[in-house]
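Each chain, letter by letter, is given below.
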Amino acid sequence: MVEAVLAAPAVETPSPMDDALRVLVQEGCIQCNKCTFNCPVHRVDALFSPRKVILQAYLGGGDEVNERDLWACLTCGECQAVCPTQVPYPAFIRAKREKLRDSTERLAPCKHGGFKEILAEIMAKPGLRQDRRAWIGDGLKVAEKGDVIYFTGCMPYLDGVFSYCDSAQIGRSAIRLMNAAGIVPVVANAERCCGHDALWNGKQETFEKLARANAKWILETGAKRLVTTCAECYSMLKYEYPKAVGPWPLEVLHMSELLEELVQQGRLKFTKPLDLKVTYQDPCRLGRHSKEYDAPRAVLKALPGVQFTEMDRVRENAMCCGVGAYSNCDAATKFMQQERLEEAASKADHLVTACPHCRIHFSCYLDGKPVDPLPPLKIVDLTVLAAEALG
Amino acid sequence: MTFEPEIAAFCCNWCGYSAADQAGAAKLTYPSSVRILRLMCTGMMDPYYVLRAFERGFDGVLVVGCHPGSCHYKSGNLQAADQMKRVASILRALGLGEERLLMTAASAAEGGVFADTATAFTEKVRKMGPSPLREA
């Protein structure tokens, strides 16, 4: 069991009282403090320390984590990436959140009033009959049946709350790119939230309901591949759904992986020079959680007129956008965003992300009042940028 | 059993709630299934309140604030109207229908307006039938 957990590619999420998890954390942690030195929250909030949390949880005898530490964690996985013994700290936090949520009705501390969590609860209701494809608009081809599914997740709902970000644009760009390569994707009305926030905020039951509801329609279409533009959906559908719903004969791709493949096969040609200086933000769910670092960079390099520069902290060491699963946004978040955006602005004029939620969190910061004035910087999604290069 | 729509009515302290109070003092009737929740201002209406109400099984959501220009906090009611417009798009996508949400105004003296609105909205929701989210 321990070997199985260590060998798995994604950040593991075992159930709360899982002995393997307990062993990995309790006996795995050597108290070296590397996690704390690398934790993006600790750099701003000196009282938060993953090492201390583990020490207290097991030496305190109570096996408990206080609520502040529980929700301050971004579950970005940077601690696990640098840990010499690979202690699955995010999984440990998730398990503790689940334990807490089982005992209380309170929502996770979301600064948007729990919008995404309530949305997930609503989507888990059996009576739901959605009409969620209004954003597609004219001129784009989608199908009811086919080989490729485009999984949109919560994207059609985001514009109702995050007015400073045109999130539906990501979806339109994705369909445009697929159409240009001769793919007519399935976009289903039966689709529901992927369950990412429910899972990471400790609502295992809601996640399982959503996973079963999604698996039902996905398997019924008989599609062979599923594409998503969201790093969160990607990590759920690829690594968590097989665990929750059993046999999963689909190939799950992030849009960047599909684009890389289409460019390599010559099915997609980018012709319009963009003349931009860009840098790339690794979303935690795509990078550290799913180990996909190269596809988005390959796509950026394939775009004409795009000058790509790496930031200093990239790949495993990439800094988080400041919020994980919408359950933490505070002073620490704002300082992290300021720091990350300054870093990006020093390298380029466009910051590209491959996750709509990174885009929302950074755009929110730019939309409000930055702590210190920032050089002009635009946050764009990889899919939107690629669609622009189509001409 | 006949269907009795459950309505969550978010009323601001200064106008909507006072109007409801006035309706009571004047012995005007409106459906008993309208559940009033008092807010200081409709400007604090979060999309989440509306979604949570539907998630908990309400069939309709009524938001009653001040008339434009007479908000106790200058522009809270206008902010709320803006928010509710955007929430309507969410309700449409969820298949609930934006008609299940109504944002309206009643001044503190308009008990009759409150009672009429509550009655008319309840009847409208009754015609639409129970919220699909109530299905077990």
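Since this is a predicted model, take the numbers as computed values, not measurements. (Residues numbered from 1 in each chain as written. Chains lettered and ligands numbered in written order. Predicted model: local features only at pLDDT ≥ 70, side-chain atom pairs only at ≥ 80, totals over all residues.)

Here's the deal with the overall build of chain B
Part 1 of the reasoning: In terms of helices and strands, chain B carries four helices and four strands.
Part 2 of the reasoning: Along chain B, from the amino end to the carboxyl end, the secondary structure elements read β-α-β-α-β-α-β-α.
Part 3 of the reasoning: A compact globule built from 136 residues should have a C-alpha radius of gyration of about 14 Å, and chain B, at 14 Å, falls within 12% of that.
Part 4 of the reasoning: Taken along its principal axes, the extent of the C-alpha atoms in chain B is 40 × 35 × 20 Å.
Part 5 of the reasoning: In chain B, buried positions account for 51% of the 136 residues.
Part 6 of the reasoning: In chain B, of all internal contacts separated by at least 6 residues, the share reaching a separation of at least 24 is 82%. (Helix = DSSP H or I, 4+ residues; strand = E, 2+ residues; numbered from the N terminus. Rg over C-alpha atoms; globule rule 2.2 N^0.38 Å. Buried ≥ 20, exposed ≤ 12 C-beta atoms within 10 Å, placed from the backbone. Contact = placed C-beta atoms within 7 Å.)

Some words on the interface of chain A and chain B
Bring the parts together and some accessible area is lost; that lost area is often taken as the interface size.
Part 1 of the reasoning: If you look at the interface, chain A gives 22 residues, while chain B gives 19 residues.
Part 2 of the reasoning: For the side of chain A that touches chain B, the element with the most residues is helix H8 (residues 115-123) of chain A, which contributes five residues.
Part 3 of the reasoning: For the side of chain A that touches chain B, the class distribution of residues is ten nonpolar, seven polar and five charged. (Nonpolar A, V, L, I, M, F, W, Y, C, P; charged D, E, K, R; others polar.)

Looking at the domain arrangement of chain A
Residues and elements named next belong to chain A.
Part 1 of the reasoning: Looking at the assigned domains, one finds that chain A contains domain 1 (2-103), domain 2 (115-262) and domain 3 (269-388).
Part 2 of the reasoning: Counting from both sides, the interface comprises 15 residues of domain 1 and, opposite them, 16 residues of domain 3.
Part 3 of the reasoning: For the side of domain 1 that touches domain 3, the secondary structure elements donating two or more residues are helix H5 (67-72) and helix H6 (78-82).
Part 4 of the reasoning: Looking at the side of domain 1 that touches domain 3 residue by residue, the class counts come to eleven nonpolar, two polar and two charged. (Domains from an automatic or database assignment.)

What about the packing of helix H1 (residues 16-25) of chain B against helix H4 (residues 111-128) of chain B?
Residue and element names in this part refer to chain B.
Part 1 of the reasoning: Interaxial distance between H1 and H4 falls to 7 Å at its minimum, and their mutual angle equals 95°. In terms of their interaxial angle, H1 and H4 are classed as roughly perpendicular. Here Ala19, Ala20, Gln22 and Ala23 of H1 come into contact with H4, specifically with Gly111, Val113, Phe114 and Ala115.
Part 2 of the reasoning: In terms of residue class, the contact of H1 with H4 is made up of six nonpolar, two polar and no charged. (Axes fitted to C-alpha atoms, helices over the stretch in contact; angles between N-to-C directions. Parallel < 35°, antiparallel > 145°, perpendicular 65-115°, else oblique.)

Looking at the environment of Gly287 of chain A
Residues and elements named next belong to chain A.
Part 1 of the reasoning: One can find Gly287 in the loop between strand E4 (276-281) and helix H15 (294-302).
Part 2 of the reasoning: When the 27 C-beta atoms within 10 Å are taken as the criterion, Gly287 is described as buried.
Part 3 of the reasoning: Along the primary structure Gly287 and Ala318 are separated by 31 residues, whereas in three dimensions their C-alpha atoms are 8.5 Å apart.
Part 4 of the reasoning: Leave out the neighbours within four places in its chain, and Gly287 touches Asp282, Glu292, Tyr293, Arg315 and Ala318.

Describing the sheet that holds E4 of chain A
Residue and element names in this part refer to chain A.
Part 1 of the reasoning: Pairing is parallel across the open sheet formed by four strands, whose spatial order is E5-E4-E6-E7. Edge positions in the sheet fall to strand E5 (306-308) and strand E7 (378-381), since each of these pairs with one other strand and no more. Put simply, the sheet's adjacent strands are angled 40° from each other on average, direction ignored.
Part 2 of the reasoning: The sheet contact formed by E4 and strand E6 (residues 350-353) spans four bridges and is parallel. Looking at E6, one finds that Thr279 is bridged to Leu351. (Pairing = 2+ DSSP bridges.)

As for the nonpolar core
Part 1 of the reasoning: One finds Leu119 and Leu210 of chain A together with Val63 and Val64 of chain B to be the most contacted residues of the largest nonpolar core, which totals 167 residues.
Part 2 of the reasoning: Considering every element that reaches this core, the biggest residue donor is helix H13 (residues 231-245) of chain A, with seven residues.
Part 3 of the reasoning: Setting aside chain neighbours within four positions, we find Val63 of chain B in contact with Phe10, Thr42, Met45, Ala80, Met84, Leu102 and Met103 of chain B. (Core = buried A, V, L, I, M, F, W, Y, C linked by C-beta atoms within 7 Å.)

Overview of the packing of helix H14 (residues 255-264) of chain A against H15 of chain A
Describing two packed helices takes the angle between their axes plus the distance from one axis to the other.
Residues and elements named next belong to chain A.
Part 1 of the reasoning: Between H14 and H15, the shortest axis-to-axis distance is 8 Å and the interhelical angle comes to 50°. Judged on the interaxial angle alone, H15 and H14 are oblique. The element H14 and its partner H15 pack so that their crossing is left-handed. Taken together, the residues of H15 that come into contact with H14 (itself represented by Ser256, Glu257, Leu259, Glu260 and Val263) are Ala295, Pro296, Ala298, Val299 and Ala302.
Part 2 of the reasoning: When the residues that make up the contact of H14 with H15 are grouped by side-chain class, the tally is seven nonpolar, one polar and two charged. (Left-handed = near helix turned anticlockwise from the far one by under 90°.)

Considering H8 of chain A
Part 1 of the reasoning: Among the nine residues of H8 of chain A, nine are classified as buried, and the element is accordingly described as predominantly covered.
Part 2 of the reasoning: For H8 of chain A, every residue scored as buried is listed here: Phe115, Lys116, Glu117, Ile118, Leu119, Ala120, Glu121, Ile122 and Met123 of chain A.
Part 3 of the reasoning: Each element contacted by the buried residues of H8 of chain A is listed here: helix H9 (155-158), helix H11 (196-200) and helix H12 (204-221) of chain A together with helix H2 (47-55) of chain B.

Quick look at unusual backbone geometry
Residue and element names in this part refer to chain A.
Part 1 of the reasoning: The residue Arg315 is not glycine, and still its phi comes out positive at about 55°.
Part 2 of the reasoning: As for its placement among the helices and strands, Arg315 is situated in the loop between E5 and helix H16 (331-347).
Part 3 of the reasoning: With 15 C-beta atoms packed within 10 Å, Arg315 lands in the partly exposed category.
Part 4 of the reasoning: A positive phi angle, close to 55°, is found at Ala325, a residue other than glycine.

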